[in-house]
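Results of the structural survey
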Amino acid sequence: MSESDRFVWQKLRRHFKTDDLTVLVSSRRQFTAHLLPDLQNIIEALVAPWSPQLSGLHQEYEIFPMKLSDLTTSEGKHAVQLTPVQYQDIDIGEDEPYASINNGLWLITIDGDMPAAVMLSKFSARGGPKVQVEIAHLPSDVGRDFAEGFLRTIQEQGKNSRYYRNKAVSFESTDFEGTNETMRVHKLPAVSRDDIVLPKATMAQLDTHVFDFVKYRAELKRLGQSGQKGILLHGEPGTGKTHIVHYIAANLPGHSVVLVTAEQMLDMEEHFALARILQPCIMVFEDVDLVARSRDDIPGQKAETRLNRLLNELDGLGEDSDIVILLTSNRPRSLEEALATRPGRVDAAIEIPLPDDDCRERLFKQYGHALNFQAEALAETVVRSEGGSAAFVKEIVRRLAQQSIMRGVGPLVSRDDVEVVFADAEAEASSLKRNEKTVRRHIIEDDYDNDCCGC
């Protein structure tokens, strides 16, 4: 790079053929950084007909968005330097990541005589990373129309994500505050209807409130009904709520999935914004009771703020949204009533129950498809596992397999194997109960001592 190309302002003066860069006019828009691959791809396609010159920019502070006024200054240390174009790999759920530009400046000349500049830059905001697109041109009606049309095209095409549609995305915190997040793309497991072991009544509820709703959603909207639906999946730990979420996601073709955990709830505005862009979409909030507990049990202002944000975002989706909200909880009674009992936020609450005898038998056959249960061994496992969850059944099957291997007869499972495995499991459960009672007794005694000391 020559000395004359060291700073951006020098390059801009030559491109716009003026020493007074203050005459430039600019327009800009900001987008969630999760759409950076889409935005970059759109920009590259739009500027391609004009043989653009692409340059990199030095950004001193990543917490502030770069603006055209930053590029035009020639004052000492504030002058922005030109750099080689820098790329960063972004996960888009394909075999190869997308090479995204950190900060880029495209110089173009439209119709042979109208110079313009397009700047793409990233910065960190409190609500999450952002991308800014700014168009600069000389003052004229042609320049204004070009900038407005360019930004309008980006805005419209950005609503139809090319890279994340029909995929599942989640967010990972990259600092201790949880405000700087990286989006990850997942390939959810293929889960068929045969893989779901639930009572017929529960399956019927899922069909009605999820699959039939989506099937007839367009017709419902034509009749003035909402295309958004909130569904609470609740039940004891280990009953398979997450497995059912995967089943729903795998069997709603054309839907993107946005996965949100409690840790990311402070930045949920970004996630809802992404869901609106990716719709039809499924938003999943696992263990929602961690952030949506009853106001009577909320520990502080920060937790209440998080709850209010969730309620406000649910209300703000709009009836024309094609979004299904799936919330899971092990403790539905602890949920804030303004969420759990308010149609429009939660429209259907579906209990995922502990498996009954028939379901447990199906689960033993499913998880133990490679095992050979002898004589009455299978019937015995069904009886002995009463009250156990699907996760419990899965672990028992693994122990039975290990027991048969240790005896050198795998995959044969006998009633003796069943007796040994369940005896161990029951002993563990009994020990846990004894320990729980001991802890509770100590808590009561401590409370009594504290009360006495305070007399």
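All of the points below concern the structure found in this document. Because the structure is predicted, anything quoted here is derived from the model rather than measured.

Our next topic: empty space enclosed by the protein. Counted according to the given criterion, the structure contains 1 cavity of 30 Å³ or more. Size it by volume and the largest cavity reaches roughly 40 Å³. Lining the largest cavity, in full, are Leu-68, Leu-71, Leu-105, Ala-117, Val-118, Met-119, Glu-134 and Ala-136. Every element with two or more residues in the lining of the largest cavity is listed here: α3 (68–72), β7 (114–125) and β8 (128–137). It is β7 that provides the largest number of residues to the lining of the largest cavity, a total of 3 residues.

With that out of the way, let us pick up the environment of Glu-62. Within the element layout of this structure, Glu-62 appears in the loop between β2 (53–57) and α3. Linking Glu-62 and Ala-125, residues 63 residues apart in sequence, is a C-alpha distance of 9.1 Å. For Glu-62, the residues in contact, after removing those within four places along its chain, are Lys-122, Phe-123 and Ser-124.

Under the criterion given, the structure shown has 24 salt bridges. Ionic pairing is found between Asp-141 and Arg-144, a salt bridge with its closest N-O pair at 2.9 Å. With a gap of 3 residues between them, Asp-141 and Arg-144 both fall in helix α4 (residues 141–158), about one helical turn apart. Residue Asp-141 is classed as exposed on the basis of its relative accessible area of 51%. Arg-217 is paired through a salt bridge with Asp-322; the nearest N and O atoms lie 3.8 Å apart. Here the residue Arg-217 occupies a position in helix α6 (residues 217–222), and Asp-322 occupies one in the loop between α9 (301–315) and β14 (323–329), the gap between them amounting to 105 residues.

Met-283, Phe-285 and Val-288 are the most contacted members of the largest nonpolar core, which totals 63 residues. No other element matches helix α8 (residues 268–278), which puts 6 residues into this core. If you look at the next biggest cluster of nonpolar residues, it comprises 25 residues, including Ile-196, Val-210, Leu-252 and Ile-352.

Next up on the list: the layout of surface pockets. Taken as a whole, the second largest pocket holds about 460 Å³ of empty space. Mapped onto the lining of the second largest pocket, the elements with two or more residues apiece are α7 (241–250), α11 (357–367) and α13 (390–406). No other element matches α7, which puts 4 residues into the lining of the second largest pocket. Here the residues of the lining of the second largest pocket sort into 13 nonpolar, 8 polar and 5 charged.

The next subject is a nonpolar patch on the surface. A cluster of nonpolar side chains, contributed by Tyr-61, Ile-63 and Phe-64, occupies part of the molecular surface with about 360 Å² of accessible area. Position of Phe-64 relative to the elements: it lies in the loop between β2 and α3.

Think of an α-helix as turning once every 3.6 residues; residues three or four places apart then point the same way. For α13, with 17 residues, the first-to-last C-alpha span of 25 Å sits near the 24 Å given by 1.5 Å per residue. Of all the positions in α13, only Ala-390, Val-393, Ile-396, Val-397, Leu-400, Ala-401, Gln-403 and Ser-404 are classed as buried. Projected down its long axis, α13 carries its buried residues within an arc of 160 degrees, all on one side. Facing away from the buried side of α13 by more than 90 degrees, the exposed set consists of Lys-394, Arg-398, Ile-405 and Met-406. Phi turns positive, to about 80 degrees, at Gly-408, one or two residues after α13.

Below, the discussion takes up the pairing of β14. Of all 7 residues that make up β14, 7 are buried, and the element is covered over most of its length. Side chains Ile-323, Ile-325, Leu-327 and Ser-329 of β14 all project onto a buried face; the interleaved residues Val-324, Leu-326 and Thr-328 project onto the opposite face, where all are buried too. Of the strand pairs in this sheet, strand β11 (residues 229–234) and β14 are connected by 6 bridges, and their pairing is parallel. The residue of β14 that forms the bridge with Ile-231 is Leu-326. Inspection of the sheet shows strand β13 (residues 281–285) paired to β14 by 5 bridges, in the parallel sense. Within β14, the residue paired with Cys-281 across the bridge is Ile-323. You can see the chain leave β13, run along α9 and come back into β14, and the turn it takes is right-handed.

On the secondary structure map, Thr-328 appears in strand β14. Overall, Thr-328 belongs to the buried group, its relative accessible area being 1%. Filtering out sequence-adjacent residues up to four positions away, Thr-328 remains in contact with Leu-232, Leu-233, Lys-241, Val-245, Phe-285, Glu-286, Asp-287, Val-288 and Asp-289.

Criteria and thresholds
Numbering of residues starts from 1 in each chain and follows the order in which that chain's sequence is written. Totals for whole chains, interfaces and linings use all residues, but because this is a predicted model, local features are given only for residues with pLDDT of at least 70 and pairs of side-chain atoms are given and counted only at 80 or more. Water and hydrogen atoms were dropped before computing side-chain values, which therefore reflect all heavy atoms in the structure. Put plainly, a pocket is an open set of points on a 1 Å grid over the protein atoms alone with protein on both sides within 12 Å along at least five of seven lines, a cavity is a set where a 1.4 Å probe fits but cannot get out, and a lining residue has an atom within 4 Å of a point. Grid points are joined across faces, edges and corners, and a volume is the space filled by probe spheres set on the points. Every helix listed is a DSSP run of H or I at least four residues long, and every strand listed is a run of E at least two residues long, numbered separately from the N terminus. Two residues form a contact once any of their heavy atoms are found within 4.5 Å. A pair is scored as a salt bridge if a Lys or Arg side-chain nitrogen falls within 4 Å of a carboxyl oxygen belonging to Asp or Glu. Here's how the labels work: a residue is buried when its accessible area is under 20% of the maximum for its type, exposed when over 50%, partly exposed in between, all with a 1.4 Å probe on protein chains only. Nonpolar cores are built from buried Ala, Val, Leu, Ile, Met, Phe, Trp, Tyr and Cys residues. Side-chain atoms within 4.5 Å join them into one set. Only Asp, Glu, Lys and Arg are considered charged in this grouping, and only Ala, Val, Leu, Ile, Met, Phe, Trp, Tyr, Cys and Pro are considered nonpolar; every other residue, Gly among them, is considered polar. Patches here are clusters of residues that have more than 30% relative accessible area and form no salt bridge, with a 9 Å joining cutoff for like charges and a 5 Å cutoff for nonpolar side chains (Val, Leu, Ile, Met, Phe, Trp, Tyr). The method behind every accessible area is Shrake-Rupley, applied with a 1.4 Å probe, and residues are considered shielded solely by the protein chains displayed. To estimate how far a helix should reach, multiply one less than its number of residues by 1.5 Å. Note that the arc is defined by the directions from the helix axis to the C-beta atoms. Note on pairing: two strands pair once DSSP finds at least 2 bridges between them. Here is how to tell: hold the view so the strands point away, follow the path from the first strand over the helix to the second, and if it runs clockwise the crossover is right-handed.

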